[in-house]
Amino acid sequence: MSVPGTVDIRPMTKADLESVLAIEQASFPHPWRYEHFLHELASPHSFPFVAVIEGAVGGYVCLMSLFEEAEILDIVVAPHLRGRGIARALLEHAVAIAQGKQAGIMRLEVRASNRAAIALYERFGFSRTGMRTKYYEGVEDALLMEKTL
Ligand SMILES: CC(C)(COP(=O)(O)OP(=O)(O)OC[C@H]1O[C@@H](n2cnc3c(N)ncnc32)[C@H](O)[C@@H]1OP(=O)(O)O)[C@@H](O)C(=O)NCCC(=O)NCCS
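Residues numbered from 1 in each chain as written. Predicted model: local features only at pLDDT ≥ 70, side-chain atom pairs only at ≥ 80, totals over all residues. Heavy atoms only, no water.

As annotated in an unreviewed UniProt entry, the protein chain is [Ribosomal protein bS18]-alanine N-acetyltransferase from Oryzomonas rubra. Recorded in UniProt under Subcellular location (unreviewed entry), the annotation for the protein chain is "Cytoplasm". (UniProt positions renumbered as here; feature names shortened; annotations may be inferred.)

Quick look at the structure:
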């Protein structure tokens, strides 16, 4: 049993997907689908983790790590649990896992309008390395960011 308010981070399982999809759908206009998460669970290069708060899934991160490169594919915290350091805990965990797999660099892309996520990544030492114009739905730019591990 976890202490109230503490965040436990553990590997995502198929049994988590109902909760994960509910958070995903509450967070994005174009959410990942069930099959997408199944792929993350099955891929040998994917390392999805959930944050469990008081027994319930409150957020998750999908990390890909292949040779020297790691990528954050998705990091989400349930709307009612934001601002409590849960994304920070998930990102710290993902960085530690990637380092353990000998990755030397971590990359990600984020919507240029996503101020909260960009602030999170910058706080973690990610720098802006480029832009993909009209990458999302042919409309919104993607900001490319990376961090040396
Ligand atoms: C981005 C997101 C994951 C942050 O989760 P969170 O648990 O609220 O973040 P934390 O509480 O761990 O905050 C860590 C740092 O991120 C930054 N941050 C988080 N939310 C912020 C906000 N709304 N505005 C500005 N900075 C913010 C801050 O630097 C914060 O550090 P501080 O508290 O010391 O100032 C969350 O807002 C979310 O799920 N958004 C929707 C999904 C999404 O856009 N994911 C990223 C793209 S894949």
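Don't stop here, the text continues.
(A) Examining the UniProt feature "domain: N-acetyltransferase" (unreviewed entry) in the protein chain more closely. Summarizing the sequence annotation, UniProt attributes the feature "domain: N-acetyltransferase" (unreviewed entry) to residues 7-149 in the numbering used throughout. Segment residues 7-149 splits into 31% helix and 41% strand. End C-alpha atoms: 24 Å apart. (Helix = DSSP H or I, 4+ residues; strand = E, 2+ residues; numbered from the N terminus.)

(B) View of the site of the ligand. In the vicinity of the ligand, 19 residues are found, and the nearest of them are I75, V77, G83, G85 and N114. A distance of 2.9 Å separates an oxygen atom of the ligand from a polar backbone atom of R88. Contact with the protein chains removes 73% of the 920 Å² of surface that the ligand exposes when unbound. More than half of the atoms belonging to the ligand lie within 2 Å of the grid points that define the largest pocket. Of all the secondary-structure elements, those providing two or more residues to the shell around the ligand are β4 (69-77), α3 (86-100) and α4 (115-123). The biggest single contributor to the shell around the ligand is α4, with 6 residues. For the shell around the ligand, the per-class residue count stands at 11 nonpolar, 3 polar and 5 charged. (Near = heavy atom within 4 Å. Polar contact = N/O pair within 3.5 Å; in protein donor to acceptor, adjacent residues only side chain to side chain. Areas by Shrake-Rupley, 256 points an atom, 1.4 Å probe, with all protein chains shown as cover. 1 Å grid on protein atoms, 1.4 Å probe; cavity = no way out; pocket = protein on both sides within 12 Å on 5 of 7 lines; lining within 4 Å. Sits in = over half its atoms within 2 Å of the grid points. Nonpolar A, V, L, I, M, F, W, Y, C, P; charged D, E, K, R; others polar.)

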